[in-house]
Amino acid sequence: MIVRNEQQMKSIRDAAQVAATVLDRMCKLVTPGMNTYDLDQHGRRFIEELGAESACYKYQVGSRIYPAFTCLSVNEEVVHGIGSLDRLLKEGDIISVDVCTRYNGFIGDNCRTVPVGSVEPDIQELLDVTEASLYEGIKAACKGNRVGKISSAVQRVVEKAGFGVIRDFVGHGVGRSLHEEPQIPNFGKPGNGPKLREGTVVCIEPMVNMGNYRVTMSDDGWTAMSADGSPSAHFEHTVIITKDGPEILSVPLGKEAPVLA
Ligand code: MF3
Ligand code: CO
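Quantities reported herein were computed from a predicted structural model and do not represent experimental measurements.

Visitor: Explanation requested: the sheet that holds strand β10 (residues 180-184) in the structure shown.
Guide: Sheet strands line up and pair through hydrogen bonds in the backbone, either parallel or antiparallel. With antiparallel pairing, the five strands of this open sheet are ordered in space as β10-β9-β11-β16-β17. Each of the sheet's edge strands pairs with one partner strand only, and the pair in question is β10 and β17 (245-248). Direction aside, the axes of adjacent strands within the sheet are offset by 30 degrees on average. Pairing geometry for strand β9 (residues 171-173) and β10, over three bridges, is antiparallel.

So this is what it looks like as structure tokens:
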């Protein structure tokens, strides 16, 4: 687990702010009738305008190379969806917009799931519960706590609502590369995992299915989908563990950090 010095913290702060600003701008564009390729291209433009680079474009896993600039996952898609001209957003859909950018050598990573127009109350509940689980996880991200304290806090909120928390993807440390130690599962026991240290930067990112937590992979080799076809939500922040507690770094330019009540 990497502990950052002041200079690095400043850079990570800037990188996370850029990622949050891009995410904020993209979410404002989400409307019925738009296709997800165009939304991704807007993301590409926002990233360029801010002097950053996409950290998912050309991201490689084995022999597979990620072809898009942001990850856009609609309805039953869980993560890593690829924008497509054929995928038209319609009223009542939800879309997870996941933005990870590299800026001055450091990565910022954040995601939120937003409604397309107005959505059914049970879908809105899925979004609210997933976001609430993220905030409960963040509140557990204090020095001296084990990673499992975050995991169990997230899991408790999700399962209390009767939803399924995904096992196959986890949160992660972040810095010069996108995925660093430690892994941050969204399920588990408070006493498990390594102890969190002051100066560590982590991405906490609950992924939640309305139904069962199991996922299947699409033929494109990237898009993960809920196995039962139920809608899925994903919220993520980049967070630094300070001596005074967790601090959310993925806050858009000109905005205040959300209050951790
Ligand atoms: N934010 C995503 C994650 O942490 C970014 C993945 S990059 C991709 O997994 F190329 F795999 F899409
Ligand atoms: Co992430």
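From this point on, the discussion continues.
Visitor: I tried to follow the coordination of the cobalt ion (ligand 2) on my own but got confused; where do I start?
Guide: The textbook angles at a metal center are 109.5 degrees for a tetrahedron of four donors and 90 or 180 degrees for an octahedron of six. Summarising the metal site, the cobalt ion (ligand 2) is bound by the protein donors D109 (OD), H172 (NE2), E205 (OE) and E236 (OE), whose distances to it range over 2.1 to 2.3 Å. Summarised as a motif, the one-chain spacing of the donors to the cobalt ion (ligand 2) is D-x62-H-x32-E-x30-E. Taken together, the positions of E205 in the loop between β11 (201-204) and β12 (207-209) and E236 in the loop between β15 (232-234) and β16 (237-242) put the pair 31 residues apart, joining distant regions of the chain. Neither E205 nor E236 differs from the other in exposure class; each is buried.

Visitor: Can you help me understand unusual backbone geometry in this one?
Guide: Only a minority of non-glycine residues have a phi that is not negative, and only a minority of peptide bonds are not trans. For the bond from E181 to P182, the omega torsion is 0 degrees, close enough to zero to count as cis. Within the secondary structure, P182 is located in strand β10. Of note, the phi angle at N75 is positive, near 50 degrees, even though the residue is not glycine. Summarising the element assignment, N75 is placed in the loop between β4 (71-74) and β5 (77-79). For N104, which is not glycine, the phi dihedral falls at a positive 50 degrees. Of the residues examined, N104 reaches a relative accessible area of 60% and is grouped as exposed.

Visitor: Help me understand helix α4 (residues 147-160) in this model?
Guide: Structurally, the α-helix is built with 3.6 residues per turn, so residues lying three or four positions apart point the same way. In this model α4 runs 20 Å from its N-terminal to its C-terminal C-alpha over 14 residues, within 8% of the 20 Å that 1.5 Å per residue would give. Of all 14 residues making up α4, ten are buried, and the element is well covered by its neighbours. Buried within α4 are the following residues: V147, G148, I150, S151, S152, A153, V154, Q155, V157 and V158. Along its buried surface, α4 packs onto α3 (121-139), β8 (164-165), β10, β11 and β12. The first or second residue beyond α4 is G162, which carries a positive phi of 85 degrees.

Visitor: Quick question: what am I supposed to make of the sheet that holds β12 here?
Guide: Taking strand neighbours across the sheet as the criterion, the three strands line up as β8-β12-β15 in an open arrangement whose pairing is antiparallel. The open sheet has two free edges, formed respectively by β8 and β15, since each of these has just one partner strand. Alignment of β8 against β12, held across two bridges, turns out to be antiparallel. If you follow V165 over to β12, its bridge partner there is V208.

Visitor: How should I be thinking about the pattern of salt bridges in this particular structure?
Guide: Should their charged atoms come close, side chains of opposite charge can pair. Taken as a whole and judged by the stated rule, the model has 15 salt bridges. The closest approach of N and O atoms between E131 and R112, which form a salt bridge, is 3.7 Å. On the criterion of sequence distance, the pair formed by E131 in helix α3 and R112 in strand β7 (residues 106-115) is long-range, its members being 19 residues apart. Owing to a relative accessible area of 23%, E131 belongs among the partly exposed residues under this scheme.

Visitor: I would appreciate a short explanation of empty space enclosed by the protein in the present structure.
Guide: To find leftover empty space, a probe the size of one water molecule is rolled over the atoms. Following the criterion strictly, the structure yields one cavity of 30 Å³ or more and no others. Roughly 30 Å³ of volume is contained in the largest cavity. What lines the largest cavity is simply M1, I2, R4, G173, V174, E180, E181, T200 and V201. Residues that form the lining of the largest cavity fall into these classes: four nonpolar, two polar and three charged.

Each value, and the rule that gives it
- Residues numbered from 1 in each chain as written.
- Chains lettered and ligands numbered in written order.
- Predicted model: local features only at pLDDT ≥ 70, side-chain atom pairs only at ≥ 80, totals over all residues.
- Heavy atoms only, no water.
- Pairing = 2+ DSSP bridges.
- Helix = DSSP H or I, 4+ residues; strand = E, 2+ residues; numbered from the N terminus.
- Axes fitted to C-alpha atoms, helices over the stretch in contact; angles between N-to-C directions.
- Donors = N, O, S within 2.8 Å, 3.2 Å for Na, K, Ca; no water.
- Buried < 20%, exposed > 50% of the residue type's maximum accessible area, 1.4 Å probe, protein only.
- Expected span 1.5 Å × (residues − 1).
- Contact = heavy atoms within 4.5 Å.
- Salt bridge = Lys/Arg side-chain N within 4 Å of Asp/Glu carboxyl O.
- 1 Å grid on protein atoms, 1.4 Å probe; cavity = no way out; pocket = protein on both sides within 12 Å on 5 of 7 lines; lining within 4 Å.
- Points joined across faces, edges and corners; volume = space filled by probe spheres on them.
- Nonpolar A, V, L, I, M, F, W, Y, C, P; charged D, E, K, R; others polar.

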